[in-house]
Amino acid sequence: MSSNSNLTSMRRIVEQLKFEANVERIKVSQAAAELQQYCLQNASKDALLVGVPTGSNPFRDPRSCALL
Amino acid sequence: MGEMDQMKKEAEGLKSQIEAARKAAADTTLADAASGVAPAPRVQLKTRKTLKGHLAKIYAMHWATDCRLMVSASQDGKLIIWDAFSGNKINAVPLKSSWVMTCAYAPSGNLVASGGLDNMCTVYNLKTPVVKTVKELDAHTGYLSCARFLSDTEILTASGDTTCALWDIETGKQKTVFLNHVGDCMCLALSPDMNMFISGACDSLAKLWDIRDGTCKQTFQGHTSDINAISFFPSGNAVVTGSDDCTCKMYDLRSDQEVISYQDAQLNSGVTSLALSVSGRLIFAGYDDFNCNIWDSLKGEKVGVLSGHDNRVSCTGVPQDGMCVCTGSWDSFLKIWN
């Protein structure tokens, strides 16, 4: 019966909300500090941020050298 | 009061409780907290390679873990395996159904998968002399929007039937079905430690799931339209989403809420795809307006744009070593930038 399945759905929704309400939350200031720290600690390894030296760019076609 | 009314009241009460708890933890915003950080430099990337070969719109791409090979899927009915260093095609896999929406590369490099309006996820072995179909994973009752391998024996899928599923590739059966979304699931991303995954759906919610026990751990709201793209921040503690509402958002898992929104009054195209650079500082977001905008993840400012496609950017991907970013488009080309 559709009223039974609505009831079952509603029960599931309430159970899920109870579960999610119990999540422990840290302050955004702490979360933000850690996200920031991660970015800064790894910045030097981030080729898209700091650039790729021309000679060591695997996607760039090597230039031919002319020997004069 | 009938049980139904009682439960509705309980649900409303719980939602208010969650709202209040989130507010109590919101002692700042990410942008404010990062005000002391030097802005990211203006990012100007050049197209290093244009991969030509598909004959119709490209819908998806995925890097192999070797950071050199990648797979792309097009509605020309093919998966193409590319060597991104040379721009050469290594393999072209003909698909039974050309209505493909997703593709994935297994971490081992041995397998690839695809799926779409056929409602199935097909797994292929690239290492046999001729590419062979290993399994057709058939149980979803809606389109396959996204697939990601955990290993050669397990794969996660997201579907238009509103569920996600974990499959045993060898038996072809679903081990776990993740039920909770009330709209088509459009995207999924695996956590760096592979114990969790996050999904985005047309119900405008992102959900965090425990892969092993099948439960939905957290739900993130804020978007006002379909979430088309999702990715973990590299530390695993936050998630970035892209939506038809033209914004991207970052949600922190431990404070259980949105911490910043990436938007611009002049941007009124939906976000189709996104990828983060290895430090998490840069977000590459593909839009319906043919561009890929680059955002400073901490400050919420646009720091660059990748223009070059002649149609919608449908997919974006950064390889594990972060050496470049790949964009795929409805113009049938893929471009490698750095």
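That block above? That's the structure.
Here is a short report on the structure shown in this document.

The rules behind these values
Residues numbered from 1 in each chain as written. Chains lettered and ligands numbered in written order. Predicted model: local features only at pLDDT ≥ 70, side-chain atom pairs only at ≥ 80, totals over all residues. Heavy atoms only, no water. Helix = DSSP H or I, 4+ residues; strand = E, 2+ residues; numbered from the N terminus. Buried < 20%, exposed > 50% of the residue type's maximum accessible area, 1.4 Å probe, protein only. Pairing = 2+ DSSP bridges. Axes fitted to C-alpha atoms, helices over the stretch in contact; angles between N-to-C directions. Contact = heavy atoms within 4.5 Å. Polar contact = N/O pair within 3.5 Å; in protein donor to acceptor, adjacent residues only side chain to side chain. Phe/Tyr/Trp six-rings, centres within 6.5 Å; stacked < 30°, edge-to-face > 60°. Lys NZ or Arg CZ within 6 Å of the ring centre and 35° of its normal. Buried area = accessible area lost by both parts, 1.4 Å probe. Salt bridge = Lys/Arg side-chain N within 4 Å of Asp/Glu carboxyl O. Core = buried A, V, L, I, M, F, W, Y, C linked by side-chain atoms within 4.5 Å.

**Things to note about unusual backbone geometry**
Residue and element names in this part refer to chain B.
(1) Moving on: Of note in the backbone geometry, Met-194 takes a positive phi value of approximately 65° without being a glycine.
(2) Moving on: As for its placement among the helices and strands, Met-194 is situated in the loop between strand E14 (185-190) and strand E15 (196-201).
(3) Moving on: Overall, Met-194 belongs to the partly exposed group, its relative accessible area being 32%.
(4) Moving on: Phi angles above zero are rare outside glycine, and Asp-256 is one such case at about 60°.
(5) Moving on: Topologically, Asp-256 is positioned in the loop between strand E20 (248-252) and strand E21 (257-262).

**Things to note about the sheet that holds strand E25 (residues 301-306) of chain B**
All names here are of chain B.
(1) Moving on: Spatially, the four strands line up as an open sheet ordered E22-E23-E24-E25, and their pairing is antiparallel. The two strands at the open ends of the sheet, each matched to only one other strand, are strand E22 (271-276) and E25. Taking the axes of each pair of neighbouring strands and ignoring which way they run, one obtains an average angle of 25° across the sheet.
(2) Moving on: Relative to strand E24 (residues 292-296), strand E23 (residues 282-287) is paired through five bridges, and the arrangement is antiparallel. Across the sheet, the residue bridging to Ile-283 is Trp-295, located in E24.

**Section: the side chain of Thr122(B)**
Residues and elements named next belong to chain B.
(1) Moving on: Assignment of secondary structure puts Thr-122 in strand E8 (residues 120-125).
(2) Moving on: Its relative accessible area of 7% is what places Thr-122 among the buried residues.
(3) Moving on: Residues within four places of Thr-122 in sequence aside, it is in contact with Val-112, Ala-113, Ser-114, Thr-133, Lys-135 and Glu-136.

**Section: the environment of His223(B)**
Residue and element names in this part refer to chain B.
(1) Moving on: In this fold, His-223 is placed in the loop between strand E17 (216-220) and strand E18 (227-232).
(2) Moving on: Separated by 18 residues in sequence, His-223 and Thr-241 have C-alpha atoms that sit 8.9 Å apart.
(3) Moving on: Residues in contact with His-223, not counting those within four places in the same chain, are Ser-204, Thr-241, Ser-243, Asp-245, Thr-247, Cys-248, Lys-249 and Tyr-251.
(4) Moving on: Engagement of the side chain of His-223 in a polar contact is seen with the side chain of Thr-241, the distance being 2.7 Å.
(5) Moving on: For His-223, the side chain forms a polar contact with the side chain of Asp-245, separated by 2.9 Å.

**A look at the packing of aromatic side chains**
(1) Moving on: In this structure the tally under the stated criterion is nine aromatic pairs over all chains.
(2) Moving on: A centroid spacing of 4.8 Å and a plane angle of 85° characterise the contact between Phe178(B) and Phe197(B), whose relative ring orientation is edge-to-face. Remark: Phe197(B) occurs in strand E15 and Phe178(B) occurs in strand E13 (residues 173-179); sequence separation between them is 19 residues.
(3) Moving on: What makes Phe178(B) buried here is its relative accessible area of 0%.
(4) Moving on: Residues Tyr262(B) and Trp295(B) carry aromatic rings whose centres are separated by 6.1 Å and whose planes lie at 55° to one another, so their mutual orientation is tilted. Of the two residues, Tyr262(B) is situated in strand E21 and Trp295(B) in strand E24; the sequence distance between them amounts to 33 residues. Grouping residues by exposure puts Tyr262(B) and Trp295(B) together as buried.
(5) Moving on: Connected via pairs of aromatic rings, a cluster forms that spans Phe59(A), Trp63(B) and Phe85(B).
(6) Moving on: A cation over a ring is seen here: Lys57(B) above Trp330(B), with NZ or CZ 3.9 Å from the ring centre.

**Quick notes on the interface of chain A and chain B**
(1) Moving on: Residue-level contacts link 40 residues of chain A with 67 residues of chain B.
(2) Moving on: Here chain A meets chain B over a buried area of about 4400 Å², counting both sides, of which 68% is carbon and sulfur.
(3) Moving on: Inspection of the region where chain A meets chain B yields four salt bridges.
(4) Moving on: Among the ionic pairs, Lys18(A) bridges to Glu10(B), the shortest N-O distance being 3.5 Å.
(5) Moving on: The interface formed by chain A and chain B holds 14 residue pairs in polar contact (both at pLDDT 80 or more) in total.
(6) Moving on: Secondary structure elements with two or more residues in the side of chain A that touches chain B: helix H1 (2-21), helix H2 (28-42) and helix H3 (47-50) of chain A.

**As for the pairing of E17(B)**
All names here are of chain B.
(1) Moving on: Among the five residues that make up E17, five are buried, leaving the element largely enclosed by the rest of the structure.
(2) Moving on: Relative to E17, strand E16 (residues 206-210) runs antiparallel, the two being bridged by four bridges. If you follow Ala-206 over to E17, its bridge partner there is Phe-220.
(3) Moving on: As consecutive antiparallel partners, E16 and E17 are separated by five residues, and within that stretch Gly-214 has a phi angle of approximately 75°, a positive value.

**Quick look at the nonpolar core**
(1) Moving on: Of all hydrophobic cores here, the largest spans 25 residues; its most connected members are Leu30(B) and Met250(B).
(2) Moving on: The set of elements that each furnish at least two residues to this core consists of H2 of chain A together with strand E19 (238-243), E20, E21, E22 and E23 of chain B.
(3) Moving on: When residues in this core are grouped by element, the largest group, four residues, is from H2(A).
(4) Moving on: What Leu30(B) contacts, discounting residues up to four positions off in sequence, is Ala32(A), Leu35(A), Met250(B), Val259(B), Ile260(B), Ser297(B) and Leu298(B).
(5) Moving on: Grouped together as the second largest cluster of nonpolar side chains are 17 residues, Val52(A), Ile58(B), Met70(B) and Ile80(B) included.

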